[in-house]
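# Fold and geometry: a report
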Amino acid sequence: MKYTDTGKKDTRSGFGAGLLEAGRRDSRVLALTADLKGSLKMDAFAAEFPDRFIQCGIAEANMAGVAAGLAITGKIPFIGSFAEFVTGRVYDQLRQEVSYGKANVKIASSHAGITLGEDGATHQTMEDIALMRALPEMVVLNPCDYNQTKQATLAAAQWEGPVYLRFGRPAVPNFTPEDEPFVIGKAIVMNEGADVTICATGHLVWEALLAADALEAEGISAEVIDFATIKPLDEETLIASARKTGRIVVAEEHNMAGGLGEAIAGVLARNLPTPVAFVNGEDRFGQSGTPAELMAAYGLDAEHIAIAAKHMITK
Amino acid sequence: MENHELKTIATQIRRDILRMVCAAKSGHPGGSMSSTDFLAALFFNEMKHDPATWTRSGKGQDMFILSAGHLTPVYYSVLARCGYFPVEELGTFRKIGTRLQGHPSIRKSLPGVFQASGSLGQGLSAAAGLALGKKLDGDPNKVWCLCGDGESEEGQIWEAGMFAVHHNLDNLIAMTDWNGQQIDGPVASVAGEGDLAAKWESWGWRVIVADGHDFDSIAEAFTLAKAAEGRPTMILFRSDMGHGVDFMAGTHKWHGSVPKPEQLEDALKQLGETPLGDF
């Protein structure tokens, strides 16, 4: 593998670092939260720019509307909460005020997926990508590590229009280059291969790379593509890889309905019908447990990705 | 502008409202007619705004959000009569391809509209965001927002109410069209909303109660409201749904119903013609 884990870090801290940097580069950048400043790693931004940090209290619907108003006056507000509370709880507000209302709001969505862990299913969302993909023109990002999340945050700040930026709670391997600019809409081929393509997003990208290593030891050449941008989807990179390998595995910390897997299957169905296998949360809620226990229990790891790839090749 | 001039404009706006909803065979005349008088006074006498230099960012001007987004008949008529777009365009209301969408849209480049609304309870939050944006920019102008009393059953209205006080948004002036009616009946029978004045006061807002159909009372309320004193202001306008037409006044039945042709004729006769002319 050409990537090395330089030490585990949480992606939400990548967001916090990116937010601070974005704030230094552009005085229009604001940070809003609904009583989760620390969890969203907004402390450094709030300390350096106290007038540009806006505490909204536990009132996410109002926060979304306030952010839209601020955006109309020319600001670049980031609203931050747990993924469930900044999507499902406020879907109608994001739809009317931000998406239909064309307000330049950035939705910072932390603790996404099952790796939120011990708090259990009420706080774990495996449906947020579906909700945000459904909104016309919404950009949906799900970077894979600390470095990429920091860069994605900077890219989101510069993008003209609403962006959904999804990241997570646990410390995970940090392996992408430190200062690689994030290009919205561009998938990254992380490992070239000939037999099968593993498309992954978020925390599952590292697992996909580990799976590719394991497959290589068994003589299977796996291509790994990081879909840090889920919408707009990089169809060109996807189709080129599908043409080469003829087999696709999609891995994501999200349920089947409306996730990256269905997005990819849709592109392939329209352009180049190709067999697709899915490694995802299927059609389930989460539960309490440590992030590692939950990922293993729900089959969201390198082992299950490798099994899915081998199954496609041998069947 | 003198009261008699406002009265003439308000009469013409009510004619516009009825002719718009009848042409579209849909729309919301009742609440539009209860909020006509104070919206006419606001746009023609009180707000600092200029249709010729309008931009969505609202810099250097007052801004207005229609949180009760179904009140587009009165909103569009007021905007057109102020000069934001040709009065003739009112005839396209709710028709395919129109800029005058059933509820306000910012996707049709209609001058004067700052934000989409219609899903109730959200506009006061957007208005609070505009007010905070103006504070951050050192822009001393005001942000106005119109809510409905039925709409105030939405919890988000009260979230916004808490936020605006906490952030000292004394440049935010909200208005409630307190007509006591909503789709399913009188507000008191549908949701038991209670005393809005007492509620907003307990929320920390400065509350002004005025007669929404008396131009002296309306002017006095606006003068008081514009003198900022460190907290947001809520003007509760006591009003009658369907005001100005006897068979429409004071009942929820005209919230979203359209007069029949003979009823329109009767209503226009009651209102009388004005020198401004119909669209």
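Residues numbered from 1 in each chain as written. Chains lettered and ligands numbered in written order. Predicted model: local features only at pLDDT ≥ 70, side-chain atom pairs only at ≥ 80, totals over all residues.

### Quick notes on the interface of chain B and chain A
With 25 residues of chain B at the contact, the number on the chain A side is 22 residues. Elements with a minimum of two residues in the side of chain B that touches chain A: helix 5 (123-137) and helix 6 (155-166) of chain B. For the side of chain B that touches chain A, the element with the highest residue contribution is helix 5 of chain B, accounting for ten residues. Among the residues making up the side of chain B that touches chain A, the classes are represented as eleven nonpolar, nine polar and five charged. (Contact = placed C-beta atoms within 7 Å. Helix = DSSP H or I, 4+ residues; strand = E, 2+ residues; numbered from the N terminus. Nonpolar A, V, L, I, M, F, W, Y, C, P; charged D, E, K, R; others polar.)

### Observations regarding the pairing of strand 11 (residues 222-226) of chain A
Residues and elements named next belong to chain A. The buried fraction of strand 11 is high, at five of five residues. Burial along strand 11 is two-sided: A222, V224 and D226 facing one way and E223 and I225 facing the other are all buried. The pairing of strand 9 (residues 188-191) with strand 11 spans three bridges and is classified as antiparallel. In the sheet register, N191 faces strand 11, and the bridge partner there is V224. (Buried ≥ 20, exposed ≤ 12 C-beta atoms within 10 Å, placed from the backbone. Pairing = 2+ DSSP bridges.)

### Comments concerning the confidence of the model for chain B
In the predicted model, chain B carries a mean pLDDT of 97, and the fraction of residues at 70 or more is 100%. Under the prediction, the complex receives an ipTM of 0.97, its pTM being 0.97. (pLDDT = per-residue confidence, 0-100.)

### A few points about the environment of S35(B)
Its place among the elements puts S35(B) in the loop between helix 2 (29-34) and helix 3 (36-46). As a C-alpha pair, S35(B) and E2(B) span 33 residues in sequence and 19 Å in three-dimensional space.

### What to know about the pairing of strand 13 (residues 248-251) of chain A
All names here are of chain A. Residues of strand 13 alternate between two faces, with I248 and V250 on one and V249 and A251 on the opposite face, all of them buried. Summarising the sheet, strand 13 and strand 14 (residues 276-279) pair through four bridges and their orientation is parallel. Paired with V250 across the two strands is F278, which belongs to strand 14. Handedness of the crossover is the feature at issue here: the chain leaves strand 13, passes through helix 9 (residues 260-271), returns alongside strand 14, and the resulting connection is right-handed. (Right-handed = clockwise from strand over helix to strand, strands pointing away.)

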